[in-house]
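Listed below are the residues making up each chain.
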Amino acid sequence: MKKSFLTTLVIAVIAINVAASTLVYKDVNAPIEDRVEDALSRMTLDEKIKMTHAAGKFYSPGVPRLGIPGLMMSDGPHGVRAEISWNTWKYADWTTDSATAYPALTGLAATWNRDLARRFGVSIGEEALYRGKNVLLGPGVNIYRTPLNGRNFEYMGEDPYLAGELAAEYIQGVQSNGVAACVKHYALNNQETWRDNIDVKVDNRALYEIYLPAFKKAVQQGGAWSIMGAYNKLDGQHCCHNDLLLNKILREEWGFDGAVITDWGGAHDTREAALNGLDIEMGSHTNGLTTESAFTYDDYYLANPYKQMLENGEVPMETLDAKARNILRLIMRTSMNGSARYGSLASDEHFADARAIADESIVLLKNNGILPLDPVRAGRVLVVGENATRNLCKGGGSSELKPKLIKTPLEVIREYYGEDNVVYAKGYRSGKAMYSSAEDIPAAELDSMRREAVVLAREADVVIYIGGMNKNAYQDCEASDRLDFHLSYEQDRLIAELAAANPRIIVANISGNAYAMPWLDRVSAVIQSWYPGSAGALSLVDVIAGRVNPSGRLPFSFPRRLEDCNAIAKGTLSYPGIEENGQPRQEYLDGIFVGYRHHDTARIPALFPFGYGLSYTKFDYGKVICSAHEIVDSITVTVPVTNVGDVAGKEVVQLYISDLKSTLPRPVKELKGFQKLTLAPGETATAEFVITVDDLKYYDDRRSEWIVEPGKFKALIGASLTDIRGAAEFYYR
Ligand code: BGC
């Protein structure tokens, strides 16, 4: 029978459609696993191998033949980094990549505000989208173990619960744009000294209770689509291809289905990279930051050497399929997710986001009543300190930013307090950016700068000091740790002499780390802020002038002395480690007693404790009520909080749990909840916390499991670790 032309046409159209619909991997409505399997089934060996390693400084390939795009990546945690050249570390000098600088993640942690963490993520994700990035390299959730770590400013403090809660929100925010967050640096990258190869030993209890939970939460609660391996080793094996961290914990225990990406230059061995859960190798044959080589991408560990091992049968083909699957899944979630949103860059809305975060990040540590400083009545204001004139987005390493709109604190002080009323003296100066240390500044120069400032201080009605640290090497900077606990450039002497000349001195320091404050008793007020980004100067001066009521709380303890930090107290083997035959190694002898867990348990008071921060108003706490005396699955604890002052303010209500008796030693108490309340004068709101049995557990390393022991527990409600306002007891039987 002869078919009519029309029938033939219809059949042809149907056939074409059927053929098209079999391209499941392109169908954005098909289940993601079907898309992944379909794409995988069409790929050649070479195409799969190409996906597993970089083909540019921040690019890893897709499958051009199949129309599968590769992955464009960018630093970093607190803003989308300016474009780097395709094949060198030089900036590409685009004129269209000035971005919003959000506060450094320590600042986000200091907000203790989940909503702001999500807003941060959404906002930075939109910037990444606009810049055509599929993977944003952040957030960082390594734990603050010592105040010397040069990269603490990129992380979220010393408590895994706080870091994990905020990271999860940030990640969900970023990924709501179809941009993957890449949580870093997994794991135990808690210092920069010898970061490339230091071999870390840590007991399983500290690993599970302190160093892993924020990563776990980032993966399970945040749903992170990618994770970055750390440079260092754990038990002799580099973290980027570490069997325990990647195969056993990340994949098997936590069920991670995203892609593992190396830190730049973090891969060191083809067999391990093939077998131990790594998916994408980036930055090999560079130090990840400054040096590079002409080594071609085909020579990466996961390129030709991997192909050879696969073909020789030295490593199984399934390892390659597993990697390709993870990478395809990441691509389907990002560049092939079917959304065509553009995002936006350095918009007014993003500036407002950065400002809202910066506002809540600032921590008021001391105030004898001098603050807020009314601009109308302030009189002659002397501003001292180099950080008054810097935006502090430059330097620091890979998190460096090219901000669009930015003012310095001095400019904003002049605006608020009047040009004619404000005098500036630098007082000290830092060295030239990245590679000089504080010691390079001639003493005579610092002496004369100090003397000039002190003379001016005598004539001023008030002194605003804006100093602290910066992003130079050996300060808050990648690739080096601090050399000591004191502020550099003779700032202690400068502040002390300024205070002697004029006790009406407000010290507003910027840093990502704690430091000594030998002058604390002699100054009128201390404000701590972190690298606050595009809007930071406005936020800082708003706090000084009282337009913003400070509501930040410390995400880590400020010890009185460096030796009060447990990692340091335990000696050189503990921090920074020792070097034997060219191999540095260290043991985390401080175990689970990190940060406040140590201060509290060893009864060594911190200068300023974890969770601490003042406000321009006061909050009263009512009775703490527990929903039951016994916990089966969960109980609820509530506490009413009232603003009893006369300005609006925000209070961070903190829940700590104390296990009154346990077989293994435990910290006196641990953070298990927090809630930020916004209260008008006279207003009361109730903070509510649900405590589950999981919140009572600790990791028993003799049995390798989380356990809860029957007995009495206490729920402590506080305004900081040491300012406990009420408690309730309950039993677990
Ligand atoms: C850093 C990473 C960063 C990467 C790419 C490395 O040196 O450790 O945090 O994402 O470089 O710039």
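Up top you'll find the structure we're talking about.
Conventions we followed
- Residues numbered from 1 in each chain as written.
- Predicted model: local features only at pLDDT ≥ 70, side-chain atom pairs only at ≥ 80, totals over all residues.
- Heavy atoms only, no water.
- Helix = DSSP H or I, 4+ residues; strand = E, 2+ residues; numbered from the N terminus.
- Buried < 20%, exposed > 50% of the residue type's maximum accessible area, 1.4 Å probe, protein only.
- Contact = heavy atoms within 4.5 Å.
- Areas by Shrake-Rupley, 256 points an atom, 1.4 Å probe, with all protein chains shown as cover.
- Lys, Arg positive; Asp, Glu negative; His and termini not counted.
- Charge placed at Lys NZ, Arg CZ, Asp CG, Glu CD.
- Axes fitted to C-alpha atoms, helices over the stretch in contact; angles between N-to-C directions.
- Parallel < 35°, antiparallel > 145°, perpendicular 65-115°, else oblique.
- Left-handed = near helix turned anticlockwise from the far one by under 90°.
- Nonpolar A, V, L, I, M, F, W, Y, C, P; charged D, E, K, R; others polar.
- Near = heavy atom within 4 Å.
- Polar contact = N/O pair within 3.5 Å; in protein donor to acceptor, adjacent residues only side chain to side chain.
- Pairing = 2+ DSSP bridges.
- Phe/Tyr/Trp six-rings, centres within 6.5 Å; stacked < 30°, edge-to-face > 60°.
- Lys NZ or Arg CZ within 6 Å of the ring centre and 35° of its normal.
- Salt bridge = Lys/Arg side-chain N within 4 Å of Asp/Glu carboxyl O.

## Quick word on the overall build of the protein
Helix and strand content of the protein: 19 helices and 27 strands. Each principal axis of the C-alpha atoms in the protein carries an extent, and together these give about 105 × 65 × 65 Å. Counting the 733 residues in the protein, one finds 62% classified as buried. If you take every contact in the protein between residues at least 6 apart in sequence, the share linking residues at least 24 apart comes to 75%. Working note: accessible area of the protein is about 26700 Å², and carbon and sulfur atoms make up 52% of it. The protein carries 78 positive and 93 negative side-chain charges, and their two centres are separated by 2 Å.

## Comments concerning the packing of helix H15 (residues 443-459) against helix H16 (residues 491-501)
The contact between H15 and H16 brings their axes to 8 Å, and the two run at 25°. With respect to H16, the axis of H15 lies roughly parallel. The crossing of H15 and H16 is right-handed. Between H15 and H16, the contacting residues are Asp447, Arg450, Ala453, Val454, Ala457 and Arg458 on the first element and Arg493, Leu494, Glu497, Leu498 and Ala501 on the second. A class-by-class count of the residues in the contact of H15 with H16 yields six nonpolar, no polar and five charged.

## Some remarks on the site of the ligand
In the vicinity of the ligand, 16 residues are found, and the nearest of them are Asp75, Arg151, His185, Asp263 and Glu478. A distance of 3.0 Å separates an oxygen atom of the ligand from a polar atom in the side chain of Lys184. In the environment of the ligand, an oxygen atom lies 2.6 Å from a nitrogen or oxygen atom belonging to the side chain of Asp263. Expressed as a share of its isolated accessible area of 310 Å², the protein-covered part of the ligand is 100%. When its residues are assigned to classes, the shell around the ligand shows six nonpolar, three polar and seven charged.

## Focus: the sheet that holds strand E4 (residues 180-186)
Taking strand neighbours across the sheet as the criterion, the six strands line up as E1-E2-E3-E4-E6-E9 in an open arrangement whose pairing is mixed. Both outer strands of the open sheet, strand E1 (59-60) and strand E9 (259-261), are each paired with one neighbouring strand and no more. Of the strand pairs in this sheet, E4 and strand E6 (residues 226-229) are connected by three bridges, and their pairing is parallel. Its bridge partner lying in E6, Val183 is registered against Ile227. Helix H6 (residues 160-175) rests against strand E3 (135-137) and E4 of the sheet, and its axis sits at about 145° to E4. Contacts between helix H12 (residues 317-333) and the sheet are confined to strand E2 (71-75), E3, E4, E6 and E9, with E2 contributing the most and set at about 80° to the helix.

## Observations concerning the sheet that holds strand E13 (residues 462-468)
Strands sit in the order E10-E15-E14-E13-E11-E12 across an open sheet of six strands; the sheet is mixed. Two strands close off the open sheet at either side, each with one partner strand: strand E10 (363-367) and strand E12 (422-425). Strand-to-strand, the axes of this sheet are offset by a mean angle of 15°, without reference to chain direction. Pairing between E13 and strand E14 (residues 505-510): six bridges, direction parallel.

## Examining the environment of Ala267
With respect to the secondary-structure elements, Ala267 resides in the loop between E9 and helix H10 (270-275). In this structure, the C-alpha to C-alpha distance between Ala267 and Gly173, residues 94 residues apart in sequence, is 30 Å. Setting aside residues no more than four positions away along its own chain, Ala267 makes contact with His241, Thr262, Leu278, Glu281, Ser284 and Tyr301.

## Focus on the packing of aromatic side chains
Within the structure shown, the criterion is met by 25 aromatic pairs. Among the aromatic side chains, those forming a connected cluster through ring pairs are Tyr144, Tyr515, Trp530, Phe556, Phe558, Phe608 and Tyr612. When the ring centre of Tyr531 is taken as origin, the NZ or CZ atom of Lys471, which lies over that ring, is 4.7 Å away. Above the face of the Tyr731 ring, Arg733 is positioned so that its terminal group lies 4.7 Å from the ring centre.

## What to know about the pattern of salt bridges
Proximity of charged atoms lets side chains of opposite charge pair with each other. For the coordinates displayed, the defined rule picks out 55 salt bridges. Here Glu47 makes a salt bridge to Arg65, at a shortest N to O gap of 2.7 Å. In this pair, Glu47 sits in helix H3 (residues 45-51) while Arg65 sits in the loop between E1 and E2, placing the two residues 18 residues apart along the sequence. Given the relative accessible area of 52%, Arg65 is considered exposed. Several salt bridges share partner residues, and in doing so they unite Arg151, Glu154, Glu192, Arg195 and Glu478 into one network.

## Some words on the packing of helix H13 (residues 348-361) against helix H17 (residues 536-545)
In contact at an axis separation of 8 Å, H13 and H17 are set at 40° when each is read in the N-to-C sense. Taken together, the axes of H13 and H17 lie oblique to each other. Viewed along their axes, H13 and H17 form a crossing whose handedness is right-handed. Judged by residue contacts, Phe351, Arg355, Ala358 and Asp359 of H13 engage Gly536, Leu538, Ser539 and Asp542 from H17. When the residues that make up the contact of H13 with H17 are grouped by side-chain class, the tally is three nonpolar, two polar and three charged.

## Describing the side chain of Asn152
Residue placement: Asn152 occurs in the loop between E3 and H6. Relative accessible area serves as the criterion here: at 1%, Asn152 is assigned to the buried category. Looking at Asn152, its side chain comes within polar contact range of the side chain of Asn513, at 2.7 Å. If sequence neighbours within four positions are ignored, Asn152 has contacts with Thr106, Tyr144, Thr146, Pro147, Gly512 and Asn513.

## Details of the environment of Ser480
If you trace the backbone, Ser480 turns up in the loop between E13 and H16. Ser480 gets classed as buried once you look at its relative accessible area, which sits at 9%. Taking the C-alpha atoms as reference points, Ser480 and Trp194, 286 residues apart in sequence, are found 8.4 Å from one another. Setting aside its immediate chain neighbours within four residues, Ser480 contacts Gly150, Glu192, Ala473 and Tyr474. Side-chain polar atoms of Ser480 contact the backbone nitrogen of Tyr474, separated by 2.9 Å.

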